Amino acid sequence: MILILDFGSQYTQLIARRVREARAYSEIHPYHLPVEKIRALQPRGIILSGGPASLYETGAPDIADEALGLGCPVLGICYGMYVIARHLGAHSAGAAAREYGPATLTIDENDPLFAGLEAREQRVWMSHGDRVERIPAELCPIAHTDNSPYAAVRSRDGRLRGIQFHPEVAHTPNGAQILRNFVLGICGEAGDWTMAGFVETKLAEIRNRVGPRDRVLMALSGGVDSSVAAALIHRAIGDRLRCVFVDTGLLRAGERARMERTFAGELGIPLRIADAADLFLERLAGVLDPEQKRRIIGHAFIDVFEREAAAIGGARFLGQGTLYPDVIESVSFKGPSATIKSHHNVGGLPERMRLELIEPLRELFKDEVRAAGRELGLGSDAVDREPFPGPGLAVRIVGEVTRERLELLRRADAIVIEEIAAAGLGRRLWQAFGVLLPLKTVGVMGDGRSYESVIALRAVESQDGMTADWARLDPDFLARLSSRITNETRGVNRVVYDITSKPPATIEWE
Ligand code: XMP
């Protein structure tokens, strides 16, 4: 494996992605990971990420000397390069001109890092304020830019390398090749990491951990992550996995039937369905505040799940579809980001029920989870679906959630689902859905006045849900949606389209 030590760069996850694209397994850990732990991971190579710190700050983040002396090749990127240089006794200085943006790198030496790059001049992306001013005798320059005499350096023994530019970003067109050269050429990784291999390893791990009399419980949300995790655990231990799907009454049209079809039908995994709509609606009655709705739903979910789990009988483990970005968020030295919305999850469950966690996807990124799902035989229906928030339609009904409002939104939203699928827009859009607004407006239908509800359409494009832009959908397509929704949904006489990006808005309305 390739170990990435994170100094807090916003691009650290991209480094991990690029390494995996070279078919080598990589993990991100905080820069202060103790040396014994680094040794235990037996990395073939180490990458030191960039970071926001300046070398001139007191207490600037650093690693132990031993971490650089483990014997495996090390590549320092930007701040990571200064770390290497400083360990070897370098001086750095504030650059005369700070470099942010594109630069031309001139390769001065045929280092294996640059293998296969045809031109001596390469476009690279810079983002730094410091630069290495004088390098110690142990390092030699292998490339420069106009502003940085030492834009890439190598130690005399060939084990340590540093580059000032960022090879992990798309703006460095040959950056992926440079990282591949490091991982395969310099570290000697075989480049044979595949999803099929990953799935096999996880199956063996789960079988080793779960004894013949143990049971694993899982709460399915309908989302990709928990579905793939369940399929994987089921492949490993069969019916010692027990799955519960809580029908909160806050689902989109057809969701429950789809879950039954996929699990009980295609995958042969029995699904216990808890009909809990009454309970959720009772507890939500009269509640308007979005955060309060989210908390109520989170608690109700745990109560229902606990009740269902008791009916199934004892279990030792709880399966969860935790992904790598969630893990990084909690281990990164930057710490979890500020809470904008309390995401609904079953986080409280393991402690309350004294369950140990099984999280077979915690090393994977979202698109890798999709690949794992395909490997396990899940259809596109289950694997390529759009994200759906845990609190469901409750956060798409602005204000109080009632049975009538749910029915109205579900009917209008079903038309959105249908039309998006018919137009083949699913792949382009991150999400597309309807939102019910808590107001009525005047309309004219036939010869009469109407005074009815408003549906807002939300369709966004996004890479990861952290930022998003509203989709520039074809006006004729929007016209068709509007006309179908107002004609086919009794109680709706107006449709509006949300043209706000995130930020400043969020994707969901609550
Ligand atoms: P926002 O509204 O914060 O949403 O821009 C970003 C993405 O997260 C989804 N979302 C949730 N997912 N539990 C989830 O699993 C939640 O409570 C939740 N709230 C929002 C949202 O659909 C979007 O894709």
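Everything below is about the structure printed above this text.
Just so it is clear, the model here is predicted, and its values are computed rather than measured.

How each quantity is defined
- Residues numbered from 1 in each chain as written.
- Predicted model: local features only at pLDDT ≥ 70, side-chain atom pairs only at ≥ 80, totals over all residues.
- Heavy atoms only, no water.
- Pairing = 2+ DSSP bridges.
- Helix = DSSP H or I, 4+ residues; strand = E, 2+ residues; numbered from the N terminus.
- Axes fitted to C-alpha atoms, helices over the stretch in contact; angles between N-to-C directions.
- Core = buried A, V, L, I, M, F, W, Y, C linked by side-chain atoms within 4.5 Å.
- Buried < 20%, exposed > 50% of the residue type's maximum accessible area, 1.4 Å probe, protein only.
- Arc of directions from axis to C-beta.
- Salt bridge = Lys/Arg side-chain N within 4 Å of Asp/Glu carboxyl O.
- Phe/Tyr/Trp six-rings, centres within 6.5 Å; stacked < 30°, edge-to-face > 60°.

Looking at the sheet that holds strand 13 (residues 317-319)
By definition, the strands of a sheet pair up through backbone hydrogen bonds, in either a parallel or an antiparallel sense.
Turning to step 1, where the next piece is worked out: As summarised here, the arrangement of the 5 strands in space is 12-11-10-13-14, forming an open sheet in which the pairing is parallel. Unpaired on one side and paired on the other, strand 12 (271-275) and strand 14 (356-358) mark the two borders of the sheet. Across the sheet, the axes of successive neighbouring strands diverge by a mean angle of 30°, strand direction being ignored.
Turning to step 2, where the next piece is worked out: Relative to strand 12, strand 11 (residues 241-247) runs parallel, the two sharing 5 bridges. Looking at strand 12, one finds that Asp247 is bridged to Asp275.

Here we look at the nonpolar core
Turning to step 1, where the next piece is worked out: If you look at the biggest cluster of nonpolar residues, it comprises 103 residues, and the most contacted ones within it are Ile47, Leu48, Ile63, Phe114 and Leu220.
Turning to step 2, where the next piece is worked out: With 9 residues, helix 7 (residues 224-237) is the single largest residue contributor to this core.
Turning to step 3, where the next piece is worked out: Core analysis: the next-biggest nonpolar cluster, separate from the first, contains 50 residues, Leu318, Ala394, Val416 and Phe477 among them.

Thoughts on helix 1 (residues 12-21)
Turning to step 1, where the next piece is worked out: Of all the positions in helix 1, only Thr12, Ile15, Ala16, Val19 and Arg20 are classed as buried. Here the buried residues of helix 1 occupy an arc of 130° about the axis, which is enough to place them on one side.
Turning to step 2, where the next piece is worked out: Just downstream of helix 1, Arg23 is the residue with a positive phi angle, here 60°.

Topic: the pattern of salt bridges
Turning to step 1, where the next piece is worked out: This model, assessed by the stated rule, comprises 40 salt bridges.
Turning to step 2, where the next piece is worked out: Across the pair Arg256 and Asp247 runs a salt bridge, and its minimum N-O distance is 2.8 Å.

A word on the packing of aromatic side chains
Turning to step 1, where the next piece is worked out: Applying the stated criterion across every chain yields a total of 6 aromatic pairs.
Turning to step 2, where the next piece is worked out: With centroids separated by 5.4 Å and ring planes inclined at 55°, the aromatic side chains of Phe7 and Tyr79 adopt a geometry described as tilted. Taken together, the residues span a long stretch of sequence, with Phe7 in the loop between strand 1 (2-6) and helix 1 and Tyr79 in helix 4 (residues 79-87) at a distance of 72 residues.
Turning to step 3, where the next piece is worked out: Relative to Phe198, the ring of Trp193 lies with its centre 6.0 Å away and its plane at 70°, an arrangement referred to as edge-to-face. Taken as a pair, Trp193 and Phe198 share a single burial class, namely buried.
Turning to step 4, where the next piece is worked out: Aromatic ring contacts, followed pair by pair, group Phe7, Tyr31, Tyr79 and Tyr82 into a single cluster.

Function cannot be read off these values alone, since they describe shape.
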